[in-house]
Amino acid sequence: MSRKIIFILLINLGFSISLFAQFHAGNIVVERVGNSSYSPGTPSIACPVYLDEFTTSGNLIQSVAMPTTVGGLNRILTETGATVLSDKMVGLMTLSADGRYLCLTGYDDAPGSSTPASTTSSSVNRIVGFVDGNATINTTTRINDAFSANNIVSVASNDGSGFWVTGTSTGVVYVAAGNTGSSTTISSTATVLNGVKIYNGQLYVSTGTSSYISIDSVGSGLPTTGSQTLGLLSNTSSPTSPTQFVFLNVSGGTVIYVADLVSGIFKYSLVSGTWTANGNVSGTIIGLTGTVNCTGNVVLYGTDGGGAQTGNNLFSFTDGGGFNTTISGTITSIHNAGSYIYKGVAFAPSGSASDLTISSTTNIPAGRYRNITIASGGVATMLGNDTITGTFTVQSGGTIICGTKNVICAPGFQSTFNLNSGGTLKIGSTLGIQASANAGNIQSCTRIFSTGANYEYNGSANQIAGSGLPATVNNLTITNTGGAGSNIVTLYQSETVAGNLTINSGALDVTSSNYTLTVAGNWTNSGTFTCRLGLVTLNGNAAQTLNSGGTTYPFYNLTINNNSTGVSLSTNTTQVNNVLTLTIGALNLNHNTLIVNNNSNTAIINISGYVVSETYTDVLVGSDYQVQNTSLGILQWNIGSSNGIYSFPMGTTSGQLIPWAIQNNSGASIGNVSVATWAAPYNVINSSTNGPFPQTVTNINHNSVDNSDNTVKRFWQLNKTGAGQIDAMTFTCQSSEAMNNAGNTALTNLV
């Protein structure tokens with residue numbers, strides 16, 4: 001008893017009750033007229049209306065019945081069952097511009113009533129119905145003055161709050177949702193109108209009326225008041241009996257497809273502001289909708305005239321031509337109406353797909369969404385696959401953590417994933433991110449990966465970066481947590497990193513293609529870098545640090561191209577296995593060791609760069625300061641027994657080049673040669689002492705006389721591991737360092 005009372009209260013309050021399952025965004029819905037009790041035929045009777053939901057391949061999912069009795073504020077919505085071809089276009093259902101509602105028209109007339117279209121609208125109200133994604137039906141909107149003794153044909157809505165309605169008289173009328181009386185005629189320029197549609201905030205209609213054939217704009221924008229004029233779209237007059245139409249954005253521009261009762265489907269492209277005809281495919285077409293699939297092709301769905309009184313077809317059509325090319329393809333039936341009539345067709349509403357905006361740390365449950373926005377400060381973790389009908393946006397300062405979950409395009413929708421500059425995408429898929437829509441973490445139709453965004457690969461198994469990773473990114477981070485051999489991230493192409501490249505864990509592999517890496521920020525390796533035969537270039541416009549991870553993870557070729565304060569090493573040992581190129585700027589050893597593990601005397605190429613080793617720690621020993629060997633910045637060249645002149649391109653902190661060269665002619669092994677140099681400004685740093693001296697050197701006295709005033713104010717330190725003799729050495733210093741302590745007399749007889 002209590003259940004019955006609650007039900008009655010809901011009806012009396014005018015709430016709509018959904019007895020059906022929710023629609024599935026991406027499926028198509030066709031308006032069907034008739035059932036086994038009330039079949040379409042001649043003479044026409046009022047027939048029940050059903051919204052049949054199909055997959056895009058033609059499999060029936062469900063049928064949603066429109067009301068055939070009054071319930072609360074909801075009125076009856078039936079449709080004429082006339083089967084002549086011109087009457088089949090009555091009932092051109094549309095999808096609201098915001099994608100949330102199916103909108104349709106009909107009559108407040110019980111099934112079986114005779115010829116509802118011939119009644120006056122005051123005695124049999126014309127009904128506007130709308131149905132949301134949860135299959136919740138609302139038929140509370142009535143018109144009692146327009147389309148009297150004529151057909152109501154179609155309706156469009158922006159968001160379900162108001163409706164623009166067409167028919168075979170009156171023109172275009174506007175009513176607000178829930179209207180129970182008169183309507184507002186906003187245009188009577190042509191009174192016999194067919195389809196109506198909103199595109200890009202503008203209202204359009206189709207008509208076969210002379211001078212306005214076939215597609216016209218109605219006023220400007222979405223008018224709700226009278227005296228609006230129709231504006232014929234240029235060169236679109238070939239369809240003489242146009243019904244539904246669809247605007248689509250394709251690569252190259254905007255196209256219109258127009259259904260025509262007589263001549264099939266017409267195509268037009270907007271070329272330099274003028275609509276250009278692109279031919280037609282033959283047929284008798286009633287309903288039409290369409291989308292651009294993930295490969296960029298237009299796919300249309302519609303209903304045809306059927307040829308017989310009943311039993312017309314729901315069809316699909318893929319246009320083989322692109323923008324401003326001739327329409328081509330075959331109309332293929334995917335379902336037949338049998339004893340009934342198919343009329344208007346639209347995509348299923350996405351009202352059940354919610355919008356989500358995230359500006360803090362949160363989880364995104366698996367599900368269907370229209371739009372998701374990760375705002376600045378938002379850190380979102382996907383708990384399952386997210387199916388998107390609209391746009392998934394990661395704004396600057398926002399972060400999306402995918403894990404192994406994917407962003408998926410709802411079938412029939414051209415959804416977009418947009419990673420803005422400054423946003424962060426954390427990628428867990430083994431396939432990374434791809435340029436195509438069928439693999440990787442991001443599988444929306446359109447994928448916009450900004451070159452100014454941040455990308456992190458944090459999977460737990462081997463990953464490929466993927467073809468979707470831009471060739472230029474802001475920060476690139478590797479945090480793969482897989483076990484040894486199962487934690488490798490392989491590049492798809494050479495990469496330029498405008499910010500930092502960081503390997504927190506796992507391995508980054510340039511592959512056998514030896515892809516190059518160009519980094520403008522810091523290089524930090526706490527994992528593994530597999531250099532193969534590749535090139536790494538540090539080309540910042542500001543100070544950079546280089547943490548290579550040690551000699552276990554060497555570079556093959558390394559180029560320093562920093563036009564600011566240079567690159568500073570931040571790990572004990574960095575190794576280059578082939579060529580070190582100093583294009584411009586300082587390479588600051590910063591107490592660390594740089595090893596060139598190539599015995600060729602061209603293994604170090606100096607253009608306008610230099611190596612700075614002038615960092616050390618000195619300790620007071622007695623009355624003198626001594627530099628500790630462990631604190632020196634050392635450049636080590638593994639020369640072995642190779643002959644030639646080896647130039648160590650040392651420089652000062654002020655940027656003056658002071659190269660140090662050694663020569664090996666004997667072929668004897670001099671092994672690994674390590675050099676360091678630093679200025680020794682006596683009586684400046686340590687005014688009461690000598691130094692700082694190399695470790696173990698206690699003084700530079702001769703016969704107990706301090707000889708510092710006659711000595712170049714710089715020390716060079718060389719160590720070698722081989723027993724062979726170095727045949728010659730050449731040292732360079734600054735001119736100020738070759739002066740006496742007073743700085744007023746140049747030293748002479750220097751070699």
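Residues numbered from 1 in each chain as written. Predicted model: local features only at pLDDT ≥ 70, side-chain atom pairs only at ≥ 80, totals over all residues. Heavy atoms only, no water.

Asks: When you look at the overall build of the protein in this model, what are you seeing that I'm missing?
Replies: Each helix and strand in the protein was counted, giving 2 helices and 66 strands. The globule rule puts the C-alpha radius of gyration for 751 residues at 27 Å, and the 39 Å found for the protein is more than 25% above it. Burial analysis of the protein (751 residues in total) assigns 54% to the buried set. As displayed, the protein offers around 28000 Å² of accessible surface, 48% of which is attributable to carbon and sulfur atoms. (Helix = DSSP H or I, 4+ residues; strand = E, 2+ residues; numbered from the N terminus. Rg over C-alpha atoms; globule rule 2.2 N^0.38 Å. Buried < 20%, exposed > 50% of the residue type's maximum accessible area, 1.4 Å probe, protein only. Areas by Shrake-Rupley, 256 points an atom, 1.4 Å probe, with all protein chains shown as cover.)

Asks: Explain the packing of aromatic side chains to me, please; I cannot follow it from the model alone.
Replies: Here the distance between the centres and the angle between the planes together describe a pair of aromatic rings. Evaluated as defined, the whole model comprises 20 aromatic pairs. Seen in terms of ring centroids, F247 and W275 are 6.2 Å apart; in terms of plane orientation they differ by 65 degrees. Their pairing is edge-to-face. Of this pair, F247 sits in strand β17 (residues 242-250) while W275 sits in strand β20 (residues 274-281), placing them 28 residues apart in sequence. (Phe/Tyr/Trp six-rings, centres within 6.5 Å; stacked < 30°, edge-to-face > 60°.)

Asks: How should I be thinking about the pairing of strand β9 (residues 152-156) in this particular structure?
Replies: One face of the sheet, then the other: side chains in a regular strand alternate in exactly this way. The element β9 is extensively covered by neighbouring structure, given that 5 of its 5 residues are classed as buried. Here β9 runs beside strand β10 (residues 162-167); their pairing, made up of 4 bridges, is antiparallel. Paired with I152 across the bridge in β10 is G167. With antiparallel pairing between neighbouring strands as the criterion, β9 and β10 make up a hairpin whose turn holds 5 residues, including G160 at a positive phi of roughly 85 degrees. (Pairing = 2+ DSSP bridges.)

Asks: Just checking my understanding: could you explain the sheet that holds strand β62 (residues 693-694) for this structure?
Replies: Strand pairing in a sheet relies on backbone hydrogen bonds. The paired strands run either parallel or antiparallel. Pairing is mixed across the open sheet formed by 3 strands, whose spatial order is β56-β57-β62. Looking along the sheet, the strands with just one partner apiece sit at the ends: β56 (618-621) and β62.

Asks: Looking at this structure, how should I read the nonpolar core?
Replies: A general trend in soluble globular proteins is that nonpolar side chains are found buried together. Counting 71 residues, the largest nonpolar core has L425 and Y455 as the members making the most contacts within it. With 4 residues, strand β53 (residues 573-588) is the single largest residue contributor to this core. Aside from chain neighbours lying at most four places away, what touches L425 is I400, C402, F417, L419, I433, I442, F449, N454, Y455 and E456. (Core = buried A, V, L, I, M, F, W, Y, C linked by side-chain atoms within 4.5 Å. Contact = heavy atoms within 4.5 Å.)

Asks: Explanation requested: the sheet that holds strand β21 (residues 285-292) in the structure shown.
Replies: An order of β21-β22-β23-β24 is seen for the 4 strands of this open sheet, with the pairing classed as antiparallel. Each end of this open sheet is capped by a strand with a single partner; those strands are β21 and β24 (332-336). Geometrically, the sheet is characterised by an average inter-axis angle of 20 degrees between neighbouring strands, direction not taken into account. Across 6 bridges, the pairing between β21 and strand β22 (residues 298-304) is antiparallel. The residue of β22 that forms the bridge with I285 is D304. (Axes fitted to C-alpha atoms, helices over the stretch in contact; angles between N-to-C directions.)

Asks: Even after reading the chapter, I still don't get the side chain of T94, so can you show me in this structure?
Replies: The topology assignment puts T94 in strand β5 (residues 94-95). A residue is classified by how much of its surface remains accessible, and T94, at 5% relative accessible area, is buried. Polar side-chain contacts of T94 include one of 2.6 Å to the backbone oxygen of V155. Setting aside its immediate chain neighbours within four residues, T94 contacts Y101, L102, C103, S154, V155, A156, V196, Q244 and A346. (Polar contact = N/O pair within 3.5 Å; in protein donor to acceptor, adjacent residues only side chain to side chain.)

Asks: Where do I start with the pattern of salt bridges in this structure?
Replies: Pairing between side chains becomes possible if they bear opposite charge and their charged atoms approach one another. On inspection of all chains with the given rule, the structure shows 9 salt bridges. Note that K267 and D319 form a salt bridge whose closest N and O atoms lie 2.9 Å from each other. Of this pair, K267 sits in strand β19 (residues 264-271) while D319 sits in strand β23 (residues 313-319), and the two are 52 residues apart along the sequence. Exposure class is identical for K267 and D319. Each is buried. Residues K426 and E456 are paired through a salt bridge, measuring 3.5 Å at the closest nitrogen-oxygen approach. Separated by 30 residues along the polypeptide, K426 in strand β35 (residues 424-427) and E456 in strand β38 (residues 454-457) bring together distant segments of the chain. A single salt-bridge network, built from bridges that share partners, covers E614, R714 and E737. (Salt bridge = Lys/Arg side-chain N within 4 Å of Asp/Glu carboxyl O.)

Asks: So what exactly am I meant to see when it comes to the side chain of T511 here?
Replies: Mapped onto the fold, T511 is located in the loop between β45 (507-509) and β46 (517-519). Beyond its immediate stretch of four places on either side in the chain, T511 contacts T490, L491 and R532.

Asks: Can you help me understand the confidence of the model for the protein in this one?
Replies: Reading predicted coordinates in detail is not appropriate for stretches of low pLDDT. When pLDDT is averaged along the protein, the result is 90, and 93% of the positions lie at 70 or above. The low-confidence segment residues 1-15, where pLDDT is below 50, has 8 contacts with residues more than four positions distant or belonging to other chains. Below a pLDDT of 50 lies the segment residues 683-687, which in the model reaches 6 contacts outside its immediate sequence neighbourhood of four places, other chains included. (pLDDT = per-residue confidence, 0-100.)

Asks: Can you walk me through the pairing of strand β29 (residues 379-382) in this structure?
Replies: With burial as the criterion, only one face of β29 is covered, namely that bearing A380 and M382; the residues V379 and T381 on the opposite face remain uncovered. Direction of pairing for strand β27 (residues 361-364) relative to β29: parallel, over a ladder of 4 bridges. Paired with T361 across the strands is V379, a residue of β29. By the bridge criterion, 3 bridges tie β29 to strand β32 (residues 399-401) in an arrangement that is parallel. Counterpart to A380 in the pairing with β32 is I400.

Asks: Hey, could you run me through unusual backbone geometry in this one?
Replies: Excluding glycine, a negative phi dihedral is what most residues carry, and trans is how most peptide bonds are arranged. Note the cis peptide between I213 and S214, where omega equals 5 degrees. Tracing the chain through its elements places S214 in strand β15 (residues 214-218). The backbone of N200 shows a phi angle near 55 degrees, a positive value even though the residue is not glycine. Relative to the helices and strands, N200 resides in the loop between β13 (196-199) and β14 (202-207). The class of N200 is exposed, set by a relative accessible area of 72%.

Asks: Whenever I open this one, the environment of S396 confuses me. Can you help?
Replies: Summarising the element assignment, S396 is placed in the loop between β31 (391-394) and β32. Separated by 13 residues in sequence, S396 and L383 have C-alpha atoms that sit 22 Å apart.

Asks: Even after reading the chapter, I still don't get the environment of F449, so can you show me in this structure?
Replies: Examined against the element boundaries, F449 turns out to sit in strand β37 (residues 446-449). Using a relative accessible area of 12% as the deciding quantity, one classes F449 as buried. With residues up to four places along the chain from it excluded, the contact list for F449 reads F417, L419, L425, I433, Q434, I442, Y455, G468 and P470.

Asks: Whenever I open this one, the environment of A177 confuses me. Can you help?
Replies: Its location among the elements puts A177 in the loop between β11 (172-176) and β12 (184-187). Here the alpha-carbon distance between A177 and R142, two residues 35 residues apart in the chain, equals 8.8 Å. Apart from residues no more than four positions distant in its own chain, A177 is found in contact with T141, G160, S161, G162 and F163.

Asks: Looking at this model, I keep getting lost on the state of the cysteines. Mind explaining?
Replies: In a disulfide, the sulfur atoms of two cysteines are held together by a covalent bond. Scanning the model with the defined rule gives 0 disulfides in all. Just so you know, C402 is unpaired, no disulfide at all, and the nearest cysteine sulfur is the one on C409, 16 Å from it. Between C409, a cysteine without a disulfide, and C445, which holds the nearest cysteine sulfur, the sulfur-to-sulfur distance is 3.6 Å. (Disulfide = S-S within 2.5 Å.)

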